[in-house]
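Residue strings, one per chain:
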Amino acid sequence: MKIVFATNNENKTREIKNILGDSFTLLSLQDYNITEDIPENEETLEGNALHKARTVNNMIHTDVFADDTGLEIEILDGLPGVHSARFAGENKDSSANIRKVLTMMGDAKNRKARFRTIIALILEDKEYIFEGVAEGKIIKKERGNDGFGYDPVFIPDGQNITFAEMSLDEKNRISHRAIAFEKLKTFLLRYQNNKNRV
Ligand code: IMP
């Protein structure tokens with residue numbers, strides 16, 4: 001089964017290839033010489049993921065999926081959420097994003113937060129949505145050097161280290177993205193098996 005991941009981020013493509021395994025031929029936008037960034041202007045993660053998947057599906061008429069992720073902080077009514085990448089400005093500066101979040105939270109007792117990944121899949125012209133969530137809390141000072149984005153201030157439930165203090169393997173066992181992509185994989189494998197049976 002050939003499927004396109006609507007991203008230009010080669011790191012992400014490699015990571016997802018690893019999760020999906022050999023049962024699928026995973027292509028990225030680079031394989032179609034599409035280099036433009038698809039705008040993410042919708043008000044929800046679902047809206048952005050669907051918009052990206054539909055845009056690429058209209059361009060190349062193949063099965064395609066797209067993802068969008070956000071950090072949702074309870075006491076900030078779900079912010080930065082869909083604005084996570086550009087929370088402190090257009091240049092997607094992770095340190096500035098973290099500073100802004102920590103300033104807004106101040107000494108708040110309620111530090112509950114979650115990462116949420118949404119995948120929108122268009123398969124044989126039908127649309128499907130998959131979700132992966134990692135619940136946790138925001139600490140007051142950054143810890144750890146690995147990972148990216150908000151990893152240095154996020155401790156997932158059941159752990160006492162931040163995502164930035166974990167190895168990539170450790171993070172990938174419990175992360176929002178890994179959970180969402182495992183769901184996509186299970187669905188695609190079942191879909192493929194059912195087709196082979198008919
Ligand atoms: P994207 O939809 O995967 O591009 O993620 C949007 C933004 O959410 C990123 O630019 C990061 O700021 C943040 N983000 C997404 N995934 C993670 C993660 O695993 N750790 C920390 N921050 C993340």
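Residues numbered from 1 in each chain as written. Predicted model: local features only at pLDDT ≥ 70, side-chain atom pairs only at ≥ 80, totals over all residues. Heavy atoms only, no water.

*Asks:* Describe the environment of glutamate 42, and please don't skip the residues or the numbers.
*Replies:* Structurally, the position occupied by glutamate 42 is in the loop between strand 2 (25–28) and helix 2 (45–60). Accessibility expressed as a relative area gives 36% for glutamate 42, which makes it partly exposed. It is 13 Å that separates the C-alpha atoms of glutamate 42 and serine 84, two residues lying 42 residues apart in sequence. Every residue in contact with glutamate 42, bar those within four places of it in the chain, is listed here: Gly47, Asn48, His51 and Val82. (Helix = DSSP H or I, 4+ residues; strand = E, 2+ residues; numbered from the N terminus. Buried < 20%, exposed > 50% of the residue type's maximum accessible area, 1.4 Å probe, protein only. Contact = heavy atoms within 4.5 Å.)

*Asks:* Account for the nonpolar core, with residues named and values stated.
*Replies:* Leu71, Ile73, Phe115, Ile138, Tyr150, Val153 and Phe154 are the most contacted members of the largest nonpolar core, which totals 19 residues. Residue assignment for this core shows that the elements contributing at least two residues are strand 3 (64–73), helix 3 (94–105), strand 4 (112–123), strand 5 (126–138) and strand 6 (154–156). When residues of this core are assigned to their parent elements, the largest contribution, four residues, is made by helix 3. Among all residues touching phenylalanine 154, those that are not within four sequence positions of it are Leu71, Ala113, Arg114, Phe115, Ala134, Glu135, Gly136, Lys137, Ile138, Ile161, Thr162 and Phe163. Membership of the second largest hydrophobic core comes to 18 residues, among which are Phe24, Ile119, Ala178 and Leu184. (Core = buried A, V, L, I, M, F, W, Y, C linked by side-chain atoms within 4.5 Å.)

*Asks:* Please give an account of the pattern of salt bridges that cites residues and values.
*Replies:* Counted by the stated rule, this structure contains 14 salt bridges. The salt bridge partner of lysine 12 is aspartate 67, with a shortest N-O separation of 3.2 Å. Taken together, the residues lysine 12 in helix 1 (residues 10–20) and aspartate 67 in strand 3 connect sequence positions 55 residues apart. Relative accessible area serves as the criterion here: at 21%, lysine 12 is assigned to the partly exposed category. (Salt bridge = Lys/Arg side-chain N within 4 Å of Asp/Glu carboxyl O.)

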